[in-house]
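# Observations on the three-dimensional arrangement
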Amino acid sequence: MARSSADDMELKRGCEAGILAKGDRDKVVMTMRVAKGRGGWGKAGKLASRHMAKPRVLAITTKQKGQKTKAFMRVLKYSHGGVLEPAKVYKIKHLSKIEVVQNDPSGCTFLLGFDNLRSQSVAPPQWTMRNKEDRNRFLMCILNICKEHLGSIPKVVGMDVVEMAIWAKENTTTKVTQATNKDGPVESVVLESESNVTVEKDLVSQAEEEDIEALLSNYVMAIGEAEAFSERMKRELVALESANVYALIETESVVEEVLQGLEIASVCVEDMDEWLGIFNIKLRHMREDIQSIEWRNNRLELQSDSNVALINELDKLLELLQIPPEYEASLTGGSFDEGNMIKNIEACDWLTLAIKNLEASNLDPIYVKLRAVREKRAEFVLLKCTFVRRASEFLRNYFPSLIDSMLNDKANFSQRGHLQRPDHADMRNKCRTYARLLQHIKSLDKSCMIPLRKAYCHSLNLLIRRESREFSNELRNSSKASKSSTPLFEGPAGANQPASITDSPADAYSKMITVFIPLLVDESSFLAHFMCFEVSTVSQSDANAEATSTSSVTLEASSSIGKTSNNPAELGLLNECLKELLDGIQEDFYALVDWAFKLDPLSCISMHGITDRYLSGQKAEVSGYVQLLLDDLETRITILFSRIEKYERNVRQIGVVPYIPRFSQLAARMEQYINGSRDLVDQAYTKIVTIMFVILEKIAQVEPKYVDIVLLENYAAFQHSLYDLANVVPTLAKYYHQASEAYEQACSRHINLVIYIHFEKLFQFARRIEELMYNMSPEELDKTINAMYRKLQKNMTAEELLPSLWEKCKKEFLDKYATFLKLISKIYPDEKVTSVNEMRDILASL
């Protein structure tokens, strides 16, 4: 027979290691390999297996805790590495039933029912042993532990306990030991196995078993003959009844004594019953009194609880109705100095919350109509009106006084020889002290905000207009551009007149825009936030650094607003306030633009680019008035730029117009200051170059005789100045090619004009060939060619373009001369005329 797993010491040590790994130090009594299955309740309460069996190990363990011993049945499973690890633990004290499965013919499958399982409707697992020996050995171990340590054994179903006892006696060697319990010493049997666990012999003792066997051997029941056994039992019953009757007759005197005693006892019982009746009545009265007392006590307790709850509610209501003295002092007569603003804000917070708590929607309906509540609500409203009136009056006086102090300080404004950048940081910090106060004023009485906003805008408008006026005046006074300078459009730029001037009018305009547009945007955003307009706004950063170049056209920071839904009514009120805040400042910008155009009309190019760049950066609705200002400036600059046509037609424009090289310098600077998308720069290029080309065509038409010369010189200069940028900027490359085509067309027209002027007779000979003969000697031809070259040289101011034009002229002339020779050869085949090669040599020698 195979070795039982209960005797496998390796298995026992593996179980001990797995249990120890979980932090338990139980003593392993027995281990047994089993197959775990799951049963389902079938007919007649029997379990039917429905799941595939899984290998498991059952371990019976004990743990000593003080004088008590706890027993457990642990289920262990094999991990991936073949190591045993605990899966579940059952307390043996909760074991209530052991049932051997009847539909297993081997008898090796059993169930263990525990009374502490959460769901009794779920069938317990089935455990299948390798053989009956392992099953009996395992179950006997459990029964012995239950009897020894728990004092009782679970219910056993489907298995004969006597058979189990006999098996235990035959398969274990025992020795008698003494076990002591509360009833005294008890004999116990120790199983001589490796488990070394001492258990008591269950069910019956050895002596009792011997007595039962002797008794069974003495009596022959003859149970096999049913009729004989039945007759025998009847005879014995009749004999037993007769013996009982005889016994009663013999004890008649005793019966009489018993009857006398019963009579005496009956009298006592009647007396006792009477007394109990009296006591019952008294107890019933006492119960009624107790119930009455309890009812009155409950009433008193309920009344007491109600009084406590009422007092608590009244205390809460009093807290809502009572005005703290310190808050009342601040609301009715406190100062609005900066040091007291914290107390004022706390008082406002309390007043706002108090009024809100006394609103009908936030108050219990039973309190709404109370006289005290109505009176307090009216008192709070009166207190609110008093405080709002005092705070509004203070702020209406505070804003003008704050601005007046700045107006009286000359250091805040530009002076002769010194440009002062406006700085409103200190003013805003002082205003922010009262920002929370304004919020409370709006929440308490929204109508009071209108005069406050007007007072703030009117006062700040005076400061901003003076700052812009002083700054604009100083820019014009400190500019190096002389007021008597000749506008660069009225004549060619001379050797002592550069195309760009340091501290030019355009630079002055750039400074004005760079300083004041961010300031105006900041003030617009601050107004929207400070004056509690219900619009979404993001304050512009003060980190908008001043451009290092005086002609910078960058705009790095501007107010931005999210695409959230703004209140149209609030936005309209904000625009009205912005108009009142910034109205009048546009005059200083207009004056600066007019002054710059008067000194240098070409400055419109730079001013237009700067304005367009700043205009595209204004996306915030809160700075809408600033956008209108920039729109007006751009329109004004465009109108002034279109006045380039004012130059008199009798003034001959020779050479490159000054704005061609000026534009190349502007484009180079604009490429340096690109930040982000270049769409704006490309739009500026398109707008400016288109205007330049249109104006160039108009300038060239002043004197038709020199149209092509003016065009080819200026288009050539445009290509030369923008050659490098056109290689990297697609927009400029497009206009570079457009200028190249216009240059080729102007060259072709001018060359044809020169050729026809000097060889008109030669090339008209074909039409008059039958009317006359026209001969030209080589000397006359050389003279005419020289005259043509001098004519071409006389009208050119750009000497570097003359060689290329002369080469084009010679090529065009030779093509026309070759056509002429073909015609002559057809009419006069024998006539000797200067050949094309000879003419080419003549032209090359000149």
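Remember, it's a predicted structure, so these values are computed and weren't measured experimentally. (Residues numbered from 1 in each chain as written. Predicted model: local features only at pLDDT ≥ 70, side-chain atom pairs only at ≥ 80, totals over all residues. Heavy atoms only, no water.)

### Focus: the state of the cysteines
To keep things clear, this is the line we draw: Cysteine sulfur atoms that pair up within 2.5 Å are treated as a disulfide. In this scheme, a residue with accessible area under 20% of its type's maximum is buried, one over 50% is exposed, and one in between is partly exposed, where area comes from a 1.4 Å probe on protein chains only.
Under the counting rule described, the total for this entry stands at zero disulfides. Among the cysteines around cysteine 141, which has no disulfide bond, cysteine 146 carries the closest sulfur, lying 9.5 Å off. On the basis of relative accessibility, which here comes to 8%, the residue cysteine 141 falls in the buried class.

### As for helix α27 (residues 836–845)
What counts is decided by this rule: A run of H or I in DSSP becomes a helix once it reaches four residues, and a run of E becomes a strand once it reaches two; helices and strands are each numbered from the N terminus. Working definition: the arc comes from the directions between the helix axis and the C-beta atoms, pointing outward to the latter.
When we look at burial in α27, the residues that qualify are Met839, Ile842 and Leu843. Down the axis of α27, the sector holding all buried residues measures 95°, keeping them to one side. Of the exposed residues in α27, the ones pointing more than 90 degrees away from its buried face are Asn837, Asp841, Ala844 and Ser845.

### What to know about the confidence of the model for the protein
The predicted coordinates ought not to be read in detail in places where the model reports low pLDDT. Applicable threshold: Known as pLDDT, the predictor's confidence for each residue is given on a scale from 0 to 100. Throughout, a residue-residue contact means that at least one pair of heavy atoms, one from each residue, lies within 4.5 Å.
When pLDDT is averaged along the protein, the result is 76, and 78% of the positions lie at 70 or above. Long-range and interchain partners of residues 538–565, a stretch whose pLDDT sits below 50, account for 62 contacts in this model, where long-range means more than four residues apart.

### Here we look at the side chain of glutamate 99
Mapped onto the elements, glutamate 99 comes out in strand β6 (residues 95–100). Overall, glutamate 99 belongs to the buried group, its relative accessible area being 14%.

### Focus: the pairing of strand β5 (residues 84–91)
What counts here: Note on pairing: two strands pair once DSSP finds at least 2 bridges between them.
As paired elements, strand β4 (residues 68–78) and β5 share seven bridges and run antiparallel to each other. Following the sheet pairing, methionine 73 is matched in β5 by tyrosine 90. Taking the residues that link successive antiparallel strands as the turn, the β4-β5 hairpin has five residues, and the phi of glycine 82 there is positive, at about 80°.

### Comments concerning a negative patch on the surface
To keep things clear, this is the line we draw: The residues that make up patches have over 30% relative accessible area and no salt bridge, and they are joined within 9 Å when like-charged or within 5 Å when they are Val, Leu, Ile, Met, Phe, Trp or Tyr. Values of accessible area rely on a 1.4 Å probe in the Shrake-Rupley scheme; residue burial ignores everything except the protein chains shown. Salt bridge, as applied in this entry: a Lys or Arg side-chain nitrogen positioned within 4 Å of an Asp or Glu carboxyl oxygen. For the charge count, each Lys or Arg is scored as positive and each Asp or Glu as negative, with His and the chain ends excluded. Working definition for charges: the position is that of NZ of Lys, CZ of Arg, CG of Asp or CD of Glu.
A cluster of acidic residues, Glu270, Asp271, Asp273 and Glu274, forms a negative patch on the protein surface. Since its relative accessible area comes to 54%, aspartate 273 is described here as exposed.

### As for unusual backbone geometry
Although it is not a glycine, cysteine 532 sits at a positive phi angle of roughly 60°. When you line up the elements, cysteine 532 lands in the loop between α14 (505–530) and α15 (568–582). On the accessibility criterion, cysteine 532 (10% relative accessible area) is buried.

### Some words on the packing of helix α23 (residues 730–758) against helix α26 (residues 802–827)
Under the convention used in this document: The angle between two axes is taken between their N-to-C directions and runs from 0 to 180 degrees, where each axis is a line fitted to C-alpha atoms and a helix contributes only its stretch in contact. The labels follow the angle: roughly parallel below 35 degrees, roughly antiparallel above 145, roughly perpendicular from 65 to 115, and oblique for the rest. Note: crossing handedness is left-handed where the near helix turns anticlockwise from the far helix by less than a right angle, and right-handed where it turns clockwise. Under the scheme applied, nonpolar residues are Ala, Val, Leu, Ile, Met, Phe, Trp, Tyr, Cys and Pro; charged residues are Asp, Glu, Lys and Arg; polar residues are all the others, including Gly.
Between α23 and α26, whose axes approach to 10 Å, the crossing angle comes to 60°. With respect to each other, α23 and α26 are oriented oblique. You can see that α23 and α26 cross each other, and the crossing is right-handed. In this structure, α23 uses Tyr743, Glu744, Cys747, Ile751, Asn752, Ile755 and Tyr756 to contact α26, whose residues at the interface are Ser804, Leu805, Lys808, Cys809, Glu812, Phe813 and Lys816. Residues belonging to the contact of α23 with α26 are distributed by class as follows: eight nonpolar, two polar and four charged.

### As for the environment of leucine 630
Residue position: leucine 630 is located in helix α18 (residues 624–641). Judged by its relative accessible area of 0%, leucine 630 is buried. Taking the C-alpha atoms as reference points, leucine 630 and leucine 615, separated by 15 residues in sequence, lie 5.9 Å from one another.

### Regarding a positive patch on the surface
A contiguous patch of positive charge, built from Lys65, Lys68, Lys70, Lys91 and Lys93, is present on the exposed surface. The residue lysine 93 is located in the loop between β5 and β6 in this model. For lysine 93, a relative accessible area of 52% gives the class exposed.

### Topic: the side chain of threonine 31
Along the polypeptide, threonine 31 turns up in strand β1 (residues 27–41). Non-local contacts of threonine 31, meaning those with residues more than four positions away in its chain, are made with Ser5, Ala6, Asp8, Leu11, Lys12, Cys15, Leu58 and Ala59.

### Side note on the packing of aromatic side chains
So the rule is basically this: Two rings from Phe, Tyr or Trp (for Trp, the six-membered ring) form a pair when their centres sit within 6.5 Å of each other. Planes less than 30 degrees apart are called stacked, planes more than 60 degrees apart edge-to-face, and all others tilted. Only when the NZ of Lys or the CZ of Arg is both within 6 Å of the ring centre and within 35 degrees of the ring normal is a charge said to sit over the ring.
Counted according to the given criterion, the structure contains 23 aromatic pairs. With 5.9 Å between their ring centres and 45° between their planes, phenylalanine 336 and phenylalanine 387 make a pair best called tilted. Of this pair, phenylalanine 336 sits in the loop between α7 (325–333) and α8 (341–357) while phenylalanine 387 sits in helix α10 (residues 371–407), and the two are 51 residues apart along the sequence. The pair phenylalanine 336 / phenylalanine 387 is uniform in exposure class, with both members buried. Ring plane angle 25° and centroid distance 5.3 Å describe the contact between phenylalanine 336 and phenylalanine 394, whose orientation is recorded as stacked. You can see phenylalanine 336 sitting in the loop between α7 and α8 and its partner phenylalanine 394 sitting in helix α10, a full 58 residues away along the chain. By relative accessible area, phenylalanine 394 is classed as partly exposed at 23%. Directly above the ring of phenylalanine 533 sits arginine 453, whose terminal nitrogen or CZ lies 3.8 Å from the centroid. Here the guanidinium or amino end of arginine 636 rests over the ring plane of tyrosine 590, the centre of that ring lying 4.6 Å away.

### Here's the deal with the pattern of salt bridges
According to the stated counting rule, one finds 16 salt bridges in the structure shown. A salt bridge links lysine 63 to aspartate 26, with the shortest nitrogen-to-oxygen separation between them at 3.6 Å. With lysine 63 in strand β3 (residues 54–65) and aspartate 26 in the loop between α1 (9–21) and β1, this residue pair connects regions lying 37 residues apart in the sequence. When its relative accessible area of 31% is taken as the criterion, lysine 63 is described as partly exposed. What emerges from the salt-bridge pattern is a single network uniting Asp24, Asp26, Lys63 and Arg74.

### Thoughts on the nonpolar core
To keep things clear, this is the line we draw: Here, the term nonpolar core denotes a set of buried Ala, Val, Leu, Ile, Met, Phe, Trp, Tyr and Cys residues that are joined through side-chain atoms within 4.5 Å.
Residues Leu437, Tyr456, Leu527, Phe663 and Phe718 are the most contacted members of the largest nonpolar core, which totals 154 residues. At 15 residues, α14 tops the list of elements feeding residues into this core. Those residues in contact with phenylalanine 718 that sit more than four places away from it in its chain are Ile660, Phe663, Val689, Met692, Phe693, Tyr735, Tyr736 and Ala739.

### Considering helix α12 (residues 435–444)
Counting buried positions along α12 yields seven of 10 residues, so the element is predominantly enclosed. For α12, every residue scored as buried is listed here: Ala435, Leu437, Leu438, His440, Ile441, Lys442 and Leu444.

### As for the packing of α10 against helix α11 (residues 425–432)
Where α10 contacts α11, the two axes come as close as 11 Å, and the packing angle between them is 160°. Considering their axes alone, α10 and α11 lie roughly antiparallel with respect to each other. Regarding α10 and α11, the two cross each other, and that crossing is right-handed. Touching Tyr398, Phe399, Leu402, Ile403 and Met406 of α10 are Met427, Lys430 and Cys431, all from α11. Its residues assigned to classes, the contact of α10 with α11 comprises seven nonpolar, no polar and one charged.

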